[in-house]
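# Remarks on the overall topology
Residue strings, one per chain:
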Amino acid sequence: MADISLNDLLPVSACYTPEGSLTIARQELAKLAKQFGTPLYVYDGQTIRHQIASLQEAIGHFYQGSSEITYAAKAYFSLGFARRLADQGIGVDVVSLGELKIARQAGFSPLRVHLHGNNKSEDELVTALKWGVQAIVVDSLEELGFLSQLAEKLQLKGRVWLRITPGITVDTHHYTQTAHSASKFGLPVQDGQAAEAIRQLAHHPWLTMTGLHTHLGSQFFEAEPYREAVARLTELAENTGIIPQEFSPGGGWGVPYTQDGKSNDPQPWIETVAVAVEQKFNRRGWPLPRLVVEPGRWIVARAGLAIYTIGTSKTANDGTQFLAVDGGLADNVRPALYQAQYTALPLQKSEGKPVRKVTLVGKFCETGDILIPEVYLPPLQRGDLLAVPVAGAYQLSMSSNYNLAARPAVLWLEEGQVEVLQAREKAEESAWWTGK
Ligand code: LLP
């Protein structure tokens with residue numbers, strides 16, 4: 001197990017004022033909480049650039065061919081955020097009309113956009129065809145037929161990748177495994193569906209197959225399944241007589257959420273993928289493909305911090321000490337859905353103060369609205385501020401209006417600059433439940 005410190009979980013620009021108040025990008029979070037209210041989510045621009053740069057460095061070091069990093073927008077996306085990522089020169093993987101439109105508005109070149117999804121709508125496919133995205137990632141034989149009809153009807157040519165399901169199970173929560181034989185995603189290899197799709201695309205008048213893709217799952221730390229996936233996809237290519245120009249073994253590499261978590265190091269992932277692709281292609285005398293890696297969480301998780309205000313504290317009949325915050329399940333469903341683990345820390349440094357074990361809960365009407373079942377915190381009371389680190393991926397993008405909760409404000413922080421990515425929803429004005 002890696003030695004993870006609290007600093008490894010916080011954004012890279014995290015610091016304390018001389019008075020012990022936590023800052024990100026030299027901005028005092030307690031002041032931002034006062035100005036914008038809580039729950040509040042902040043993203044540290046420096047951490048996102050740092051993550052992208054470390055990945056670029058690792059890929060440059062291990063892979064001889066050309067490559068691209070595409071960000072999986074489902075981890076978190078909003079217009080301001082997308083613009084910042086587009087400025088970094090990376091690509092984006094989108095899965096809905098909303099994400100497609102935001103990517104376009106944010107200035108991503110269509111040649112850096114991939115459209116994924118197991119059930120893309122006609123609107124999504126047509127928008128992607130018209131925009132000329134780098135690849136529509138075909139997920140099934142039925143979808144291939146539907147897309148062919150649309151392309152013909154519109155008289156538009158399109159580039160496609162095939163999402164392959166190699167029958168590999170990675171070590172992560174069952175809900176985030178995506179390439180096993182019972183997955184709803186992709187074209188299975190074993191029963192010949194993947195080969196059949198390749199056959200249908202061989203002399204297609206409208207669609208050109210440019211790449212093979214697989215995504216094994218999310219939040220895992222073993223590199224071996226990537227090697228196995230590269231082997232199975234290149235075997236498939238060889239057996240069907242194609243040479244992929246682009247090759248995408250997806251995203252999925254994990255990040256630590258607590259000090260018991262595993263390392264932040266992307267090396268085992270990138271090295272394994274790069275070496276496997278080079279070996280498998282070189283051995284067959286094929287030119288190296290453009291390697292496309294597709295992380296979501298790895299780029300944004302650590303950059304995000306959730307800030308809550310403490311409300312009620314109470315002791316249950318069995319002695320459990322509850323501390324309740326003003327958010328929870330509606331802005332972070334991950335603990336309830338995946339038993340995801342987190343840690344928490346007060347915004348005001350409390351060194352030397354005794355800590356006690358508490359159960360950190362949210363304010364929503366669900367017994368399962370438990371953010372952290374056991375966390376050691378100094379004495380905190382109503383009005384104190386608390387941060388939950390590693391809050392940048394899949395929290396806000398999966399957030400809800402449960403109990404008609406208003407979604408939190410989201411800020412992008414740079415030194416001397418605060419950009420509001422999302423304004424706090426106003427309960428009384430929400431179009432969603434007032435019908436306006
Ligand atoms: N590529 C494809 C095709 C994907 O489906 C995903 C994630 C990614 C890339 C990026 O995976 P990442 O690098 O972020 O692990 N809601 C879950 C995670 C679901 C991921 C879905 N697909 C969670 O909160 O853990």
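A few points on the structure. (Residues numbered from 1 in each chain as written. Predicted model: local features only at pLDDT ≥ 70, side-chain atom pairs only at ≥ 80, totals over all residues. Heavy atoms only, no water.)

## A short note on the sheet that holds strand S2 (residues 22–24)
Here 3 strands make up an open sheet; going across it, the order is S1-S2-S3 and the pairing antiparallel. Strands at the two margins of the open sheet, each flanked by one partner only, are strand S1 (15–16) and strand S3 (27–28). Bridge analysis of S1 against S2 gives 2 bridges, and the strand direction is antiparallel. Across the sheet, the residue bridging to Tyr16 is Leu22, located in S2. (Pairing = 2+ DSSP bridges. Helix = DSSP H or I, 4+ residues; strand = E, 2+ residues; numbered from the N terminus.)

## So, the environment of Leu371
Along the chain, the position of Leu371 falls in strand S18 (residues 370–377). Of the residues examined, Leu371 reaches a relative accessible area of 3% and is grouped as buried. Placed 10 residues apart in sequence, Leu371 and Val361 show a C-alpha to C-alpha distance of 5.2 Å. Not counting residues within four places of it along the chain, the set of residues in contact with Leu371 comprises Tyr308, Val325, Gly328, Asn332, Pro335, Tyr342, Leu360 and Val361. (Buried < 20%, exposed > 50% of the residue type's maximum accessible area, 1.4 Å probe, protein only. Contact = heavy atoms within 4.5 Å.)

## What to know about the site of the ligand
Neighbouring residues of the ligand: 19 residues in total, closest Ser218, Glu294, Arg334, Tyr338 and Tyr394. One nitrogen or oxygen atom from the main chain of Arg297 is found 2.8 Å from an oxygen atom belonging to the ligand. Here an oxygen atom of the ligand sits 2.6 Å away from a polar atom, N or O, in the side chain of Arg334. Relative to its unbound accessible area of 580 Å², the ligand is 92% covered by the protein chains. In the shell around the ligand, the residues fall into 5 nonpolar, 8 polar and 6 charged. (Near = heavy atom within 4 Å. Polar contact = N/O pair within 3.5 Å; in protein donor to acceptor, adjacent residues only side chain to side chain. Areas by Shrake-Rupley, 256 points an atom, 1.4 Å probe, with all protein chains shown as cover. Nonpolar A, V, L, I, M, F, W, Y, C, P; charged D, E, K, R; others polar.)

## Things to note about the pattern of salt bridges
It is possible for side chains of opposite charge to pair when their charged atoms get near one another. Inspection of the entire model under this criterion finds 16 salt bridges. Across the pair Arg49 and Glu414 runs a salt bridge whose closest N-O atoms are separated by 2.8 Å. Placement of the pair is Arg49 in helix H3 (residues 45–62) and Glu414 in strand S20 (residues 409–414), with a sequence separation of 365 residues. Here Glu414 falls in the buried class, since its relative accessible area comes to 12%. Residue Glu224 pairs with Arg227 through a salt bridge whose shortest N-O separation is 2.8 Å. Residue Glu224 and its partner Arg227 are both found in helix H9 (residues 224–240); the two are separated by 3 residues, about one turn of the helix. (Salt bridge = Lys/Arg side-chain N within 4 Å of Asp/Glu carboxyl O.)

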